[in-house]
Amino acid sequence: MNVSAGTATFNAGANAVTLGNTANNFNTVVVNASGATLVDANAITVGASTVTGNLAVTATAAAAGVVFGGPVTAGNLSVTTANGAITQTGSMNVSAGTATFTAGTAGVTLGNAANDFGAVRVVSAGNATLVDANGMNIGGAGATAVTNNLSITAVGNVGVAQALTAANLSVT
């Protein structure tokens, strides 16, 4: 599927949206569904979306990133890039589940003060910034590994549920 110039909107209600073809080329995707898998051959922006179950986003090209451009709510979130940055311009709400980010050597920058995570796991990143409007748990279902700097800011408690590795750690 090629919607590289505009926005692809999928309103599936209680059904899932599965766009797993590695040749997909989206600019921006908006999805409202019970579950969603979004795979893109290049960079992808996820617009304002609500997924009640699992949302998986993958950018397959080397150094292609993922941007969360609108408020995004998901039961669980998994984001994978091939050394592409994971960033946001809109808030994220994954308060009921786990948000997992795999960026290789690229950065994970989730600095929106309105973010609300239950658990966060950074599988791999060069640097990572995580901000939460409440408290959050780091680790989820596995270890967090950041090559350089990991910065965590939360209004509430920050728990560490699994192994955490970072060259430098800042918790506020």
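Residues numbered from 1 in each chain as written. Predicted model: local features only at pLDDT ≥ 70, side-chain atom pairs only at ≥ 80, totals over all residues. Heavy atoms only, no water.

Note on soluble globular proteins: their nonpolar side chains tend to be buried together. If you look at the biggest cluster of nonpolar residues, it comprises 44 residues, and the most contacted ones within it are F101 and V108. When neighbours within four sequence positions are excluded, F101 is seen to be in contact with L77, V79, I86, M92, V108, L110, F117, V120, R121, V122, V123 and S124. (Core = buried A, V, L, I, M, F, W, Y, C linked by side-chain atoms within 4.5 Å. Buried < 20%, exposed > 50% of the residue type's maximum accessible area, 1.4 Å probe, protein only. Contact = heavy atoms within 4.5 Å.)

All right, on to the environment of L19 then. For L19, the position within the fold is in strand β2 (residues 16-19). When the C-alpha atoms of L19 and V39 are compared, they prove to be 6.1 Å apart, with 20 residues separating the residues in sequence. In this structure, L19 is in contact with M1, F10, N24, F26, T37, L38 and V39, ignoring residues within four places of it in sequence. (Helix = DSSP H or I, 4+ residues; strand = E, 2+ residues; numbered from the N terminus.)

Among the structural elements, D132 can be located in strand β13 (residues 128-132). Although D132 lies buried, it forms no salt bridge, and the closest oppositely charged side chain, R121, sits 16 Å away as judged by the N-O distance. Of note is the side chain of D132, whose polar atom sits 2.6 Å from the backbone nitrogen of N134. Not counting chain neighbours up to four residues away, the residues in contact with D132 comprise A113, N115, D116, F117, T153, A154 and V155. (Lys, Arg positive; Asp, Glu negative; His and termini not counted. Salt bridge = Lys/Arg side-chain N within 4 Å of Asp/Glu carboxyl O. Polar contact = N/O pair within 3.5 Å; in protein donor to acceptor, adjacent residues only side chain to side chain.)

With that settled, the discussion passes to the pairing of strand β6 (residues 49-62). With 2 bridges joining them, strand β3 (residues 25-33) and β6 adopt parallel strand pairing. Counterpart to N32 in the pairing with β6 is T50. Pairing of strand β4 (residues 35-40) with β6 involves 5 bridges; the strand directions are parallel. Across the sheet, D40 pairs through a bridge with A59, a residue of β6. Taken together, the 10 bridges between β6 and strand β8 (residues 72-82) define a ladder with parallel strand orientation. Bridge assignment links V51 to a residue of β8, and that residue is A74. (Pairing = 2+ DSSP bridges.)

We note that A63 has phi near 70 degrees; this positive angle belongs to a residue other than glycine. Note on placement: A63 falls in the loop between β6 and β7 (66-68). Backbone geometry at N83 places phi at a positive 70 degrees, although glycine is not the residue there. Among the structural elements, N83 can be located in the loop between β8 and β9 (86-88). Since its relative accessible area comes to 40%, N83 is described here as partly exposed.

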